[in-house]
Amino acid sequence: MDDLFGADGRASEWMDQAVRMVMAYAPKVLLAIVTLIIGLWIINRFVAILDTKLSNKDPSLNKFLCGLVSAILKVLLLISVASMVGIATTSFVAIVGAAGLAVGLALQGSLANFAGGVLILIFKPFKVGDVIDAQGYVGTVREISILYTIMDTFDNRRVIVPNGQLANSSLTNNSAYETRRCDLTFGIGYGDDIDAAKAIIQRLIDQDERALKEPEPVIVVGGLGESSVDLTVRVWTKSADLWPFYWSMQESVKKTFDAEGIRIPFPQRDVHLFKTE
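Fair warning: this is a prediction, and the values are worked out from it, not measured in the lab. (Residues numbered from 1 in each chain as written. Predicted model: local features only at pLDDT ≥ 70, side-chain atom pairs only at ≥ 80, totals over all residues. Heavy atoms only, no water.)

Participant: Please explain the layout of surface pockets as it appears in this structure.
Facilitator: Any empty space left between atoms is shown by rolling a water-sized probe over those atoms. The computed volume of the largest pocket comes to approximately 330 Å³. Residue lining of the largest pocket: 14 residues in total, with Val131, Phe154, Arg180, Ser239 and Trp243 positioned closest to the centre. Examining the composition of the lining of the largest pocket, we find that four residues originate from one element, helix H7 (residues 242-259), more than from any other. Taken together, the residues that form the lining of the largest pocket break down as nine nonpolar, four polar and one charged. (1 Å grid on protein atoms, 1.4 Å probe; cavity = no way out; pocket = protein on both sides within 12 Å on 5 of 7 lines; lining within 4 Å. Points joined across faces, edges and corners; volume = space filled by probe spheres on them. Helix = DSSP H or I, 4+ residues; strand = E, 2+ residues; numbered from the N terminus. Nonpolar A, V, L, I, M, F, W, Y, C, P; charged D, E, K, R; others polar.)

Participant: I'm lost on the nonpolar core in this one. Help?
Facilitator: Buried together is how nonpolar side chains tend to be arranged in soluble globular proteins. One finds Ile201, Ile205, Val233, Met249 and Phe257 to be the most contacted residues of the largest nonpolar core, which totals 21 residues. Mapped onto this core, the elements with two or more residues apiece are strand E6 (179-188), helix H6 (194-207), strand E8 (229-238) and H7. With sequence-adjacent residues up to four places away left out, Phe257 is seen in contact with Phe186, Ile188, Ala197, Ile200, Ile201, Ile262 and Ile264. With eleven residues, the next largest nonpolar core counts Ile120, Ala134, Ile144 and Leu166 among its residues. (Core = buried A, V, L, I, M, F, W, Y, C linked by side-chain atoms within 4.5 Å. Buried < 20%, exposed > 50% of the residue type's maximum accessible area, 1.4 Å probe, protein only. Contact = heavy atoms within 4.5 Å.)

Participant: Looking at this model, I keep getting lost on H6. Mind explaining?
Facilitator: Given 3.6 residues per helical turn, the α-helix brings residues three or four places apart onto the same face. A rise of 1.5 Å per residue sets the reference length of H6, with its 14 residues, at 20 Å; its end C-alpha atoms lie 20 Å apart and thus fit the reference within 8%. Taken together, the buried positions of H6 are occupied by Ala197, Ile200, Ile201, Leu204 and Ile205. Down the axis of H6, the smallest arc covering the buried residues is 135°, so these residues share one side. The outward face of H6, more than 90 degrees from its buried face, is lined by the exposed residues Asp195 and Gln207. In the core, the buried residues of H6 are packed alongside E6, strand E7 (218-224), E8 and H7. By the N-cap criterion, in which a side-chain oxygen at the helix start approaches the backbone nitrogen of a residue two or three places on, H6 is capped by Asp193, the distance to Asp195 being 3.0 Å. (Expected span 1.5 Å × (residues − 1). Arc of directions from axis to C-beta. Polar contact = N/O pair within 3.5 Å; in protein donor to acceptor, adjacent residues only side chain to side chain.)

Participant: Teacher, can you tell me more about the pattern of salt bridges here?
Facilitator: Opposite charge on two side chains makes pairing possible when the charged atoms of those side chains draw close. In this structure the tally under the stated criterion is nine salt bridges. The residue Arg157 makes a salt bridge to Asp155 at a minimum N-O spacing of 3.1 Å. Note on Arg157: relative accessible area 45%, which makes it partly exposed. Residues joined by salt bridges that share partners form a network here, namely Arg142, Asp152 and Arg158. (Salt bridge = Lys/Arg side-chain N within 4 Å of Asp/Glu carboxyl O.)

All we've got here are geometric facts, nothing functional implied.
Now the structure itself:
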C-alpha cells in the first residue's frame, strides 16, 4: 500500500511540476510564436517594399540587397524569439559565431565571390543590361546575384561567372559610353585612284544615318601593304549601332568599289619555273 501511495504521490508531484512549467513557459512560448509570425510578416513586407523601391533605381542592387537584408533580419528575429523563450542568447550567438567560422573556412571561394559581388555593386564596373567582355565571354549582363553574375551571350547561351573572378581580373564594358568608334580597313590596288576611293567611302558614310557627324569621320591611308594600299576608316556611332554599321559598310563598300571600277586586290604570288637538265 505504501508503494502505491508513494507512486501516487510522485505522480502528483510530476503533475504539479508539469502544470507549473506549463504556466511558466506557455505564455512565453505563445508570445514567441506570435512574435515569430508577426516578425516574419513584417520582414517580408519590408523586403517587398525595398524590392519595389530598388527595382526602379538600380536593378543590379535589387536582388542582392533584398536577399542580404532578409537573411540578416531573420537571424536577428530568431535570436530575439530564442531569448523570449528563455534560451541564453550569449551562448546562441557564440554557437552561431563558431558555426559561421567553420562555414567560412569551408567556403572560402564562396566568400571571395560574396566579397566580389559587394565590390561590383559598390564600384559598379558594370550593371544589369551592359554588354561586357570578361573571362573569355562576351554577352549581356542579366543578373548580379550575391555570388555570381549571369550573362547571356549573343548566340543565346547563358554563362554564370563567379563574382570573385570578375572583381579581380580585367574586363571590358562595351556599354559604358553612349557612343563608340567603328574602325574599318579597305584595301585598294596600287594603280587605283586614292582620292576617288576615299570619296566613295565618304559618300557611303554620309548616306548612313547611323554614322555620327561629330566627331568627324576620318579616312586616311593607313599603310602600304604587299599588294594593296590600305585605307583606314574611323567613324563614330551609337554603341547599339556599331556592329550593324560595321557589317553594312563592308558590303556597301565592296559593291560600290566593284560598280565604279575600284579594285580590291587579293594576295598574289608569281611562281617561276626553271628547267634543269
